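Summary of the model geometry
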Amino acid sequence: MFGLEPGDRVLAVPPHPDDETLGAGGTIARLTEAGIEVHVLALACVTLPRWGAATNTARRRAEFEMACDVLGVAGRDIAWSDDHRARNLGAHLSELVRLLEAGHALSLAELRPEAMLIPAAGAVHQDHQAAHQGCYAAARPTGGLRHVPRLVLGFRGPEDHAWSPHSPHASVLVDITASSALKDKALNCYAGEMRDPGHPRSLDRIRAIDTATAAALGCERAEAFVPYRMAW
């Protein structure tokens, strides 16, 4: 996949634990089944009252661990959990860039991934917007001064498909038909974050998005990515 070989590393950076599965779960499962190491560094998780049900970092970390196990993820962590920076990623962009560059065991400098999966630009949620900015800056070319991934792809969440007026064209399509059952199983790990049928974040709507995306490939289910760098 993507010119990657078994043993190559991929770093996925979801803004919150669950975004990696919502936006790229089938692709992650397909990569790991091909012998490619996928590592996931979720950026933020906080305990807060909110619509639906209050968030709880202990529950969300447990769900994150279960979903990563289902998808075959190697290293995984939540960078800022119940941390003041997690409450407003946009106010800490410089710290976020430094974290991704070299400030964590799953940073670009430490992991040296060949590919990076990041939130696409134009997201609805403000944390996703900030995460895109931080990831995009961290992956910028530096003339050989530090490691940068040769492949950078942006994933979108179901709410972005439904509500974002500024979503860029996602022209890289991945057939996830064979790995869709693993994606569904990983989504079911996030019981506290999924919604009732009809909501963009419901299993039926996510399947519908994947099915619509797959029409361009003539397969059953697919995920789409925005290409930011594709170099071989």
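Notes on the structure in this doc start here.

Rules of the game
Residues numbered from 1 in each chain as written. Predicted model: local features only at pLDDT ≥ 70, side-chain atom pairs only at ≥ 80, totals over all residues. Heavy atoms only, no water. Helix = DSSP H or I, 4+ residues; strand = E, 2+ residues; numbered from the N terminus. Rg over C-alpha atoms; globule rule 2.2 N^0.38 Å. Buried < 20%, exposed > 50% of the residue type's maximum accessible area, 1.4 Å probe, protein only. Contact = heavy atoms within 4.5 Å. Areas by Shrake-Rupley, 256 points an atom, 1.4 Å probe, with all protein chains shown as cover. Lys, Arg positive; Asp, Glu negative; His and termini not counted. Charge placed at Lys NZ, Arg CZ, Asp CG, Glu CD. Salt bridge = Lys/Arg side-chain N within 4 Å of Asp/Glu carboxyl O. Polar contact = N/O pair within 3.5 Å; in protein donor to acceptor, adjacent residues only side chain to side chain. Pairing = 2+ DSSP bridges. Axes fitted to C-alpha atoms, helices over the stretch in contact; angles between N-to-C directions. Core = buried A, V, L, I, M, F, W, Y, C linked by side-chain atoms within 4.5 Å.

Describing the overall build of the protein chain
Per the secondary structure count, the protein chain includes 8 helices and 7 strands. In terms of overall size, the protein chain behaves like a compact globule, its C-alpha atoms giving a radius of gyration of 16 Å where 232 residues would be expected to give roughly 17 Å. Across its three principal axes, the protein chain shows a C-alpha extent of roughly 50 × 40 × 35 Å. Relative to its full complement of 232 residues, the protein chain shows a buried share of 53%. Of the contacts formed within the protein chain by residues at least 6 apart in sequence, a portion of 77% connects residues at least 24 apart. Of the roughly 9,700 Å² of accessible surface on the protein chain, a fraction of 53% belongs to carbon and sulfur atoms. Charge centroids of the protein chain, computed over 23 positive and 28 negative side chains, lie 3 Å from each other.

Describing the pattern of salt bridges
In the structure shown here, the tally under the stated rule is 21 salt bridges. Among the ionic pairs, R76 bridges to D69, the shortest N-O distance being 3.0 Å. By relative accessible area, R76 is classed as buried at 18%. For the salt bridge of R221 with D184, the shortest nitrogen-to-oxygen distance reads 3.0 Å. Linking R221 in the loop between α8 (203-214) and β7 (222-230) with D184 in helix α7 (residues 180-189), this pair joins segments that are 37 residues apart in sequence. Judged by relative accessible area, which is 9%, D184 ranks as buried.

Focus on the side chain of E20
When you line up the elements, E20 lands in helix α1 (residues 19-33). Although E20 is buried, it makes no salt bridge; R60 carries the closest opposite charge, 7.6 Å away. Within the structure, the side chain of E20 is placed 3.0 Å from the backbone nitrogen of D18, a separation counted as a polar contact. At 2.8 Å, the side chain of E20 and the side chain of T21 are in polar contact. Other than its neighbours up to four places away in sequence, E20 contacts P14, G25, I28, V40, F64, A67 and Y190.

Concerning the sheet that holds strand β3 (residues 76-81)
Read across the open sheet, the 7 strands follow the order β3-β2-β1-β4-β5-β7-β6; overall the sheet is mixed. Edge strands, defined here as strands with exactly one partner in the open sheet, are β3 and β6 (172-175). Going across the sheet, the axis of each strand differs from the next one's by a mean of 25°, ignoring polarity. The sheet contact formed by strand β5 (residues 151-155) and β7 spans 4 bridges and is antiparallel. Residue pairing for β7: L151 is matched across the bridge by M230. The strands touched by α8 within the sheet are β6 and β7, with β7 carrying the most contacts at an inclination of about 65°.

A word on the pairing of β7
Bridging between β6 and β7 involves 4 bridges; their strand directions are antiparallel. Paired with V172 across the two strands is F225, which belongs to β7.

Details of unusual backbone geometry
Of note in the backbone geometry, D82 takes a positive phi value of approximately 50° without being a glycine. Among the secondary structure elements, D82 is positioned in the loop between β3 and α3 (93-102). A relative accessible area of 43% means that D82 is categorised as partly exposed. One non-glycine residue, R112, lies in positive phi territory at about 55°.

Regarding the nonpolar core
Counting 37 residues, the largest nonpolar core has F2, V10, I28, L117 and F225 as its most contacted members. Excluding residues within four positions of it along the chain, F2 makes contact with T27, L31, R150, L151, L153, V172, V174 and W232. Grouped together as the second largest cluster of nonpolar side chains are 24 residues, L99, L111, A130 and A138 included.

In short, geometric facts, not functional conclusions.
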